[in-house]
Amino acid sequence: METRRRSPLMWLLLLPFLGLLWVPFYNQHDPVLFGFPFFYWYQLAWVPLTSLILYFVYRGVRDDR
């Protein structure tokens, strides 16, 4: 069985987790963006950001065959 070396890029996967884990950081109303309070648009902004992070980590650690 082949063992794989973990890439430092894997640490990027912690960003969405940590960014959304600490709720008191974004539990506020201001600033408002397009009528949405910070609480909502901050969480919604993590959806595409997480997708981009996953894409870059995948591209960085996949096996090129």
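Quantities reported herein were computed from a predicted structural model and do not represent experimental measurements.

How each quantity is defined
- Within each chain, residues carry numbers counting from 1 in the order of the written sequence.
- For this predicted model, a pLDDT threshold of at least 70 governs which residues receive local features, and a threshold of 80 or more governs which side-chain atom pairs are given and counted, while totals over whole chains, interfaces and linings are taken from all residues.
- To obtain the side-chain values, all non-hydrogen atoms of the structure were included, while hydrogens and water were left out.
- UniProt positions are given in the numbering used here, feature names are shortened, and annotations may be inferred rather than shown by experiment.
- Where helices and strands are cited, they refer to DSSP runs of H or I of at least four residues and of E of at least two residues respectively, numbered from the N terminus.

1. A closer look at the UniProt feature "transmembrane region" (unreviewed entry) in the protein
Reasoning step 1: Per the UniProt entry, the sites bearing "transmembrane region" (unreviewed entry) are residues 9–26 and 38–58 in this numbering.
Reasoning step 2: The annotated region residues 9–26 carries 67% helix and 0% strand content, and the separation between its end C-alpha atoms amounts to 26 Å.
Reasoning step 3: Helix makes up 100% of residues 38–58 and strand 0%, whereas the separation of the span's terminal C-alpha atoms amounts to 30 Å.

2. Details of unusual backbone geometry
Reasoning step 1: Backbone torsion omega between Asp-30 and Pro-31 reads 5°, so that peptide bond is classified as cis.
Reasoning step 2: Looking at the secondary structure, you find Pro-31 in the loop between helix H2 (23–26) and helix H3 (38–61).
Reasoning step 3: At Phe-34, a position not held by glycine, the phi torsion is positive, near 55°.
Reasoning step 4: You can see Phe-34 is positioned in the loop between H2 and H3.

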